Amino acid sequence: MEDGKDMSNFSMLDLFRTEAGEQGKVLSDGVLALEHGAPSAELLESLMRAAHSLKGAARLVGVEPVVRLAHVMEDVFVASINSEITLDSGHIDVLLSVADMIASIAGLPDSAMGSWGEDHPEELENMLSSMKRIKTNVPVAGEGIKKNAGASRSKDGARKEAVTAVRGQGPG
């Protein structure tokens, strides 16, 4: 978390949202950087640490969907660090969609955040399945994933469209 902020009046969920925002930016920016050639060990380690931090923060506040997504994302980065997989553009689309989904969940009201997985089991399982296929080096495809991830590459408004689509509200 950023130094110098007085967080004494923040709830644990507020602190989680702050952490999710900061680590989410690391993930989005880093995953976009993966498109520009072979990733450096430093970049992959940074992404792995961001996913790991998100997983821990989500676990502390009981946001299980984010725990699950961040855990599989972390595993993908570890597999890439260990040269078990090579990330391609389809994988990057999925990783961007996961980052957007995590941001979407973190932005929900307190009452909806913890139950998101129960309310959206198919979306969660589809995303987890896509991530697990990356880890096992199986090609990934999926219109919903590519549509949302493609929007992540655009600036401001298009990114908002991807996040609202992940929330199930449709493009906006």
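Quick caveat, the model's predicted, so the values are computed rather than measured.

Asker: Explanation requested: the overall build of the protein in the structure shown.
Answerer: Each helix and strand counted, the protein has 9 helices and 0 strands in total. Counting from the amino terminus, the protein carries its helices and strands in the arrangement α-α-α-α-α-α-α-α-α. Across the 172 residues that make up the protein, the buried fraction comes to 44%. Counting only carbon and sulfur atoms, one obtains 51% of the accessible surface of the protein, whose full area is about 8600 Å².

Asker: Got a minute to help me understand the side chain of Gln-23 in this structure?
Answerer: Within the fold, Gln-23 resides in helix α1 (residues 12-33). A relative accessible area of 15% places Gln-23 in the buried class.

Asker: Would you mind going over the environment of Ser-129 with me for this structure?
Answerer: Mapped onto the elements of the fold, Ser-129 is located in helix α7 (residues 121-135). Ser-129 sits in the partly exposed class, given a relative accessible area of 32%. As a C-alpha pair, Ser-129 and Val-72 span 57 residues in sequence and 9.5 Å in three-dimensional space.

Asker: Explain the nonpolar core to me, please; I cannot follow it from the model alone.
Answerer: Soluble, globular proteins show a tendency: their nonpolar side chains are buried together. Core analysis: the largest hydrophobic core is formed by 44 residues, its most contacted members being Phe-16, Leu-27, Leu-34, Leu-69, Phe-77, Leu-95 and Met-131. Listed by contribution, the elements that provide at least two residues to this core are α1, α2 (41-61), α3 (64-81), α4 (89-106) and α7. When residues no more than four places from it in sequence are discounted, the contact partners of Leu-69 are Val-98, Met-101, Ile-102, Ile-105, Leu-124, Met-127 and Leu-128.

Asker: So what exactly am I meant to see when it comes to the packing of α1 against α4 here?
Answerer: For the pair α1 and α4, the least separation of the axes is 10 Å and the interaxial angle reads 165°. Taken as axis vectors, α1 and α4 run roughly antiparallel relative to one another. With respect to the hand of their crossing, α1 and α4 are arranged in left-handed fashion. Taken together, the residues of α4 that come into contact with α1 (itself represented by Phe-16, Arg-17, Ala-20, Leu-27, Ser-28, Val-31 and Leu-32) are Ile-92, Leu-95, Leu-96, Ala-99 and Ala-106. Among the residues forming the contact of α1 with α4, the class breakdown is 10 nonpolar, 1 polar and 1 charged.

Asker: Would you mind going over α4 with me for this structure?
Answerer: Taking 1.5 Å per residue, 18 residues should reach 26 Å; α4 reaches 26 Å between its end C-alpha atoms and fits that length. Most of α4 sits out of view: 16 of its 18 residues are buried. Backbone nitrogen of Gly-90 and a side-chain oxygen of the N-cap are separated by 3.0 Å at the start of α4; the cap is Asp-88.

Asker: Is there a simple way to think about the pattern of salt bridges in this case?
Answerer: Opposite charge on two side chains permits pairing when their charged atoms draw close. Under the counting rule described, the total for this entry stands at 5 salt bridges. A salt bridge links Asp-110 to Arg-17; its shortest N-O distance comes to 2.6 Å. With Asp-110 in helix α5 (residues 110-113) and Arg-17 in helix α1, this pair connects stretches of sequence that are 93 residues apart. Residue Asp-110 is classed as partly exposed on the basis of its relative accessible area of 43%. Taking the shortest distance from any N to any O, the salt bridge between Arg-68 and Glu-125 comes out at 2.8 Å. One end of the pair, Arg-68, is in helix α3; the other, Glu-125, is in helix α7, and 57 residues separate them in sequence. A relative accessible area of 30% means that Arg-68 is categorised as partly exposed. Assessed through its relative accessible area of 38%, Glu-125 is described here as partly exposed.

Reading the values: the criteria
Residues numbered from 1 in each chain as written. Predicted model: local features only at pLDDT ≥ 70, side-chain atom pairs only at ≥ 80, totals over all residues. Heavy atoms only, no water. Helix = DSSP H or I, 4+ residues; strand = E, 2+ residues; numbered from the N terminus. Buried < 20%, exposed > 50% of the residue type's maximum accessible area, 1.4 Å probe, protein only. Areas by Shrake-Rupley, 256 points an atom, 1.4 Å probe, with all protein chains shown as cover. Core = buried A, V, L, I, M, F, W, Y, C linked by side-chain atoms within 4.5 Å. Contact = heavy atoms within 4.5 Å. Axes fitted to C-alpha atoms, helices over the stretch in contact; angles between N-to-C directions. Parallel < 35°, antiparallel > 145°, perpendicular 65-115°, else oblique. Left-handed = near helix turned anticlockwise from the far one by under 90°. Nonpolar A, V, L, I, M, F, W, Y, C, P; charged D, E, K, R; others polar. Expected span 1.5 Å × (residues − 1). Polar contact = N/O pair within 3.5 Å; in protein donor to acceptor, adjacent residues only side chain to side chain. Salt bridge = Lys/Arg side-chain N within 4 Å of Asp/Glu carboxyl O.

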